Amino acid sequence: MDWRDVTVYVNGDEYTKTIPVQMTLAEFLRDELFLTGTKIGCNEGECGACTVILDGVAVNSCLVLAVHADGKNVLTIEGVSEGELHPLQQAFLDAGAVQCGFCTPGMIMTAKALLDRDPAPSREVIRKEIEGNLCRCTGYNRIIDAVEKAALMLQKR
Ligand code: FES
Ligand code: FES
């Protein structure tokens, strides 16, 4: 097995680890850093549960090798709140957009990447953006409501 040293900046902290080259970023976050907020569902790029933000872009971390994150910045669900819940987290709670919660971290990371580049997206844009994130529980409307509400909260800041 090939091993490699990587340094990844996760939620503002620097981590250097020696890892197998085939380790995914999702495995790296969960098994090496114990950041288990990032979920692994399908492990093949279909469900979005593992979504994190890599250098500003939402990615399925099960499809990214950890060695490809070497030297890069990763934001996970553990890094989105700043002392209090992020408006997206609060809006998901307020809108009843969390049921079993398994999809929620990935949904929030996808939504955050969207709102970071488009602070006032239409419902249609939100719907399109989250189409790679599967939710078995909510029927999606409450999730879209939550993203709209968070956008308004962020605009008032
Ligand atoms: S676990 Fe990565 S997309 Fe499903
Ligand atoms: S809340 Fe259960 S999968 Fe979305």
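Anything mentioned here points back to the structure above.
Conventions and cut-offs
Residues numbered from 1 in each chain as written. Chains lettered and ligands numbered in written order. Predicted model: local features only at pLDDT ≥ 70, side-chain atom pairs only at ≥ 80, totals over all residues. Heavy atoms only, no water. Axes fitted to C-alpha atoms, helices over the stretch in contact; angles between N-to-C directions. Helix = DSSP H or I, 4+ residues; strand = E, 2+ residues; numbered from the N terminus. Parallel < 35°, antiparallel > 145°, perpendicular 65-115°, else oblique. Left-handed = near helix turned anticlockwise from the far one by under 90°. Contact = heavy atoms within 4.5 Å. Nonpolar A, V, L, I, M, F, W, Y, C, P; charged D, E, K, R; others polar. Patch = residues over 30% accessible without salt bridge, like charges linked within 9 Å, V, L, I, M, F, W, Y side chains within 5 Å. Areas by Shrake-Rupley, 256 points an atom, 1.4 Å probe, with all protein chains shown as cover. Salt bridge = Lys/Arg side-chain N within 4 Å of Asp/Glu carboxyl O. Pairing = 2+ DSSP bridges. Buried < 20%, exposed > 50% of the residue type's maximum accessible area, 1.4 Å probe, protein only.

A. Highlighting the packing of helix H2 (residues 87-94) against helix H5 (residues 141-155). The geometry of H2 relative to H5 is characterised by a closest axis approach of 8 Å and an angle of 135 degrees between their N-to-C directions. Relative to H5, the element H2 is oriented oblique. Here the hand of the crossing between H2 and H5 comes out right-handed. Facing H2, whose interface residues are Pro 87, Leu 88, Gln 90, Ala 91, Phe 92 and Asp 94, H5 presents Ile 143, Ala 146, Val 147, Lys 149, Ala 150, Met 153 and Leu 154. The class makeup of the residues in the contact of H2 with H5 is 10 nonpolar, 1 polar and 2 charged.

B. Just a nonpolar patch on the surface, in detail. On the surface, a cluster of nonpolar side chains totalling about 240 Å² of accessible area is made up of Leu 85, Leu 93 and Val 98. By the element assignment, Leu 93 lies in helix H2.

C. Structural view of the pairing of strand E2 (residues 13-20). Inspection of the sheet shows strand E1 (residues 3-10) paired to E2 by 8 bridges, in the antiparallel sense. Paired with Val 6 across the two strands is Lys 17, which belongs to E2. If you look at the hairpin formed by E1 and E2, you'll find 2 residues sitting between the two strands, and Asn 11 has a positive phi there, around 50 degrees.

D. Spotlight on the sheet that holds strand E5 (residues 73-75). One open sheet holds the 5 strands; their spatial order is E2-E1-E5-E3-E4, and the pairing between them is mixed. The sheet terminates laterally at E2 and strand E4 (57-60), the two strands that pair on one side only. With strand direction ignored, the average angle separating the axes of adjacent strands in the sheet is 40 degrees. Pairing of strand E3 (residues 51-54) with E4 involves 4 bridges; the strand directions are antiparallel.

E. View of the side chain of Ser 61. Along the chain, Ser 61 falls in the loop between E4 and E5. Judged by its relative accessible area of 0%, Ser 61 is buried. Not counting chain neighbours up to four residues away, the residues in contact with Ser 61 comprise Thr 24, Leu 25, Ala 26, Thr 38, Cys 50 and Val 52.

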